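# Working through the structure, step by step
Each chain is listed here by its residues.
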Amino acid sequence: MGSNGKLEVPHHPIIPFIEGDGIGPDIWRASVRVFDAAIEKAYFGERKIHWLKVLAGEESFRQTGEWMPEATMQAFKDYLIAIKGPLTTPVGGGIRSLNVALRQELDLYVCLRPVKYFEGTPSPMWQPEKVNMVIFRENTEDIYAGIEYMTGTPEAEKLKHFLVEEMGVKKLRFPDTTSFGIKPVSKEGSERLIRSAIQYALDNKLPSVTIVHKGNIMKFTEGAFKNWGYDLAENEFAGEVYTWRQWEKTKEESGEAVANEEMRISAMGGKVIIKDAIADNFLQQALLNPQDYSVIATLNLNGDYISDALAAQVGGIGIAPGANINYLTGHAVFEATHGTAPRFANTNTMNPSSVILSGVMMLEYMGWRDAAELITNAVGKTIRNKTVTIDFYNLMKEGTLLKTSEFGDEVVRNM
Ligand code: NAD
């Protein structure tokens, strides 16, 4: 990470990878061939990734007795960028989730999930080509922070006592059997997420950022998230963005026609439009008018639901990539959004596109855009040719069924 806050990537970086559990090794093997081939083709050997295998998950537990060895965490810290396959969530005791541990330890506050349609992909949408969004999901706060207490425990009793006796809360419907979860949402946490989303829209010349929230009901958490977002947009990105709040103000002062004209001129002048949508309405709009949405900034729980719902519109989790990023330190872990699908482990049948496209995100993050583009185009061609793995094959009326490894080979051939 350079002193100017920009990533400086050497031509021969060392990048740690975790193969992952279940279907992880199958799809990793297919994916890494694609990465190496694209980099070779784009840079003629001048650039090359030196892959460093690190352990986590079941393989690690078998070999070392630890699910997430300190050496792995240290490698992720030292090398900044890493890529991983899915990991089993250990059942019972110890570590809650290896992914959550990584996100917390490295403070990876952005969960980035692009949702892009590849022509020919089976989709439940009428016009799936209109879906082209990038989700910025806050990754460290919200009801997901893990601050929760089971009813009947001394902690829950203590909290209940505080709420009822000291805070005068009268809204506990069944106080004797209530469990509690706390939803922390901070100004700093909201700001760094929304700042990253706006910067991403500017860097990639995208038309809008939509803040998705349930602020109509949860006013001081989700509502504050929205307001802090508008404040930040208007203060830090003045001149580069135009917000719905500014539009409302102009409308009040000068009338609707003037406000509309301002919006039109701003959009035409390349300003990013900052707007907001209430989460339930957004999920409807994402189906009915997907073309109206580009970058989405949202809190942790909303982001979880939205990611899978939108992924389904463009082919499902077999093709859904993701990244967890801290734009300030540069730390980033790229990973497929799906799990280990243990029933299909070592069958060489699953779709490696999720990891292949996570690698594309990684190459873009590193600034190796030529290699990223080669892969994106080749994946597109492979799907258009209807040479696909079982998940797509089952939904297509025709096509050629490929194994995981064969799909990787086909992508390389199509570069
Ligand atoms: P899953 O995502 O592993 O699988 C659900 C179904 O999705 C599979 O049965 C399969 O039909 C389909 N699928 C998944 N990946 C696919 C691919 N690449 N190509 C085609 N189809 C694919 O979800 P699950 O069964 O609920 O979870 C299994 C394990 O994975 C659990 O231990 C869970 O905690 C863990 N998990 C890990 C991560 C992660 O490491 N990031 C994420 C989610 C779940």
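Residues numbered from 1 in each chain as written. Predicted model: local features only at pLDDT ≥ 70, side-chain atom pairs only at ≥ 80, totals over all residues. Heavy atoms only, no water.

## Remarks on the overall build of the chain
Each helix and strand counted, the chain has 15 helices and 15 strands in total. Its C-alpha atoms give the chain principal-axis dimensions of roughly 60 × 60 × 50 Å. Scored against the burial criterion, the 415 residues of the chain give a buried share of 50%. For the chain, the proportion of contacts with a sequence separation of at least 24, taken over those separated by at least 6, is 74%. (Helix = DSSP H or I, 4+ residues; strand = E, 2+ residues; numbered from the N terminus. Buried < 20%, exposed > 50% of the residue type's maximum accessible area, 1.4 Å probe, protein only. Contact = heavy atoms within 4.5 Å.)

## A closer look at a nonpolar patch on the surface
A cluster of nonpolar side chains, contributed by Ile147, Tyr149 and Ile182, occupies part of the molecular surface with about 210 Å² of accessible area. With respect to the element layout, isoleucine 182 can be found in the loop between β7 (180-181) and α6 (187-203). (Patch = residues over 30% accessible without salt bridge, like charges linked within 9 Å, V, L, I, M, F, W, Y side chains within 5 Å. Areas by Shrake-Rupley, 256 points an atom, 1.4 Å probe, with all protein chains shown as cover. Salt bridge = Lys/Arg side-chain N within 4 Å of Asp/Glu carboxyl O.)

## Notes on the site of the ligand
Taken together, 20 residues lie near the ligand, and Leu87, Thr89, Asn99, Gly339 and Ala341 sit nearest. Contacts to the ligand include glutamate 335, whose side-chain N or O atom sits 3.3 Å from a nitrogen atom. A distance of 2.7 Å separates an oxygen atom of the ligand from a polar atom in the backbone of alanine 341. Contact with the protein chains covers 65% of the free accessible surface of the ligand, which is 820 Å². Across the shell around the ligand, the residue classes break down as 8 nonpolar, 9 polar and 3 charged. (Near = heavy atom within 4 Å. Polar contact = N/O pair within 3.5 Å; in protein donor to acceptor, adjacent residues only side chain to side chain. Nonpolar A, V, L, I, M, F, W, Y, C, P; charged D, E, K, R; others polar.)

## Quick look at the packing of aromatic side chains
Each pair of aromatic rings is reported with the distance of its centres and the angle of its planes. The tally for this structure, following the rule as stated, stands at 11 aromatic pairs. Relative to tyrosine 365, the ring of tyrosine 327 has its centre 6.3 Å away and its plane inclined at 65°; by these criteria the two rings are edge-to-face. Residue tyrosine 327 is found in the loop between β12 (321-325) and β13 (332-336), and its partner tyrosine 365 is found in helix α12 (residues 353-366); the two are separated by 38 residues along the sequence. Tyrosine 365 sits in the buried class, given a relative accessible area of 19%. (Phe/Tyr/Trp six-rings, centres within 6.5 Å; stacked < 30°, edge-to-face > 60°.)

## Observations regarding the pairing of strand β2 (residues 50-53)
Inspection of the sheet shows strand β1 (residues 14-18) paired to β2 by 4 bridges, in the parallel sense. Bridge pairing links phenylalanine 17 to lysine 53 in β2. Regarding topology, helix α1 (residues 24-43) serves as the crossover connection from β1 to the parallel β2, and that connection is right-handed. (Pairing = 2+ DSSP bridges. Right-handed = clockwise from strand over helix to strand, strands pointing away.)

## Regarding the nonpolar core
Ranked by size, the top nonpolar core spans 75 residues in total, and within it Ile198 and Ile375 carry the most contacts. When near neighbours in sequence (up to four residues on either side) are disregarded, isoleucine 198 contacts Val209, Leu232, Ala233, Phe237, Val241 and Ile274. By size, the runner-up hydrophobic cluster in this structure holds 16 residues, among which are Ala277, Ala279, Tyr293 and Ile296. (Core = buried A, V, L, I, M, F, W, Y, C linked by side-chain atoms within 4.5 Å.)

## Topic: unusual backbone geometry
In this model, asparagine 346 sits at a positive phi of 60°, which is unusual for a non-glycine residue. Looking at the element boundaries, asparagine 346 is found in the loop between β13 and α12. Its relative accessible area of 62% is what places asparagine 346 among the exposed residues. Even without a glycine there, the phi angle at asparagine 348 is positive, about 55°. Structurally, asparagine 348 is set in the loop between β13 and α12.

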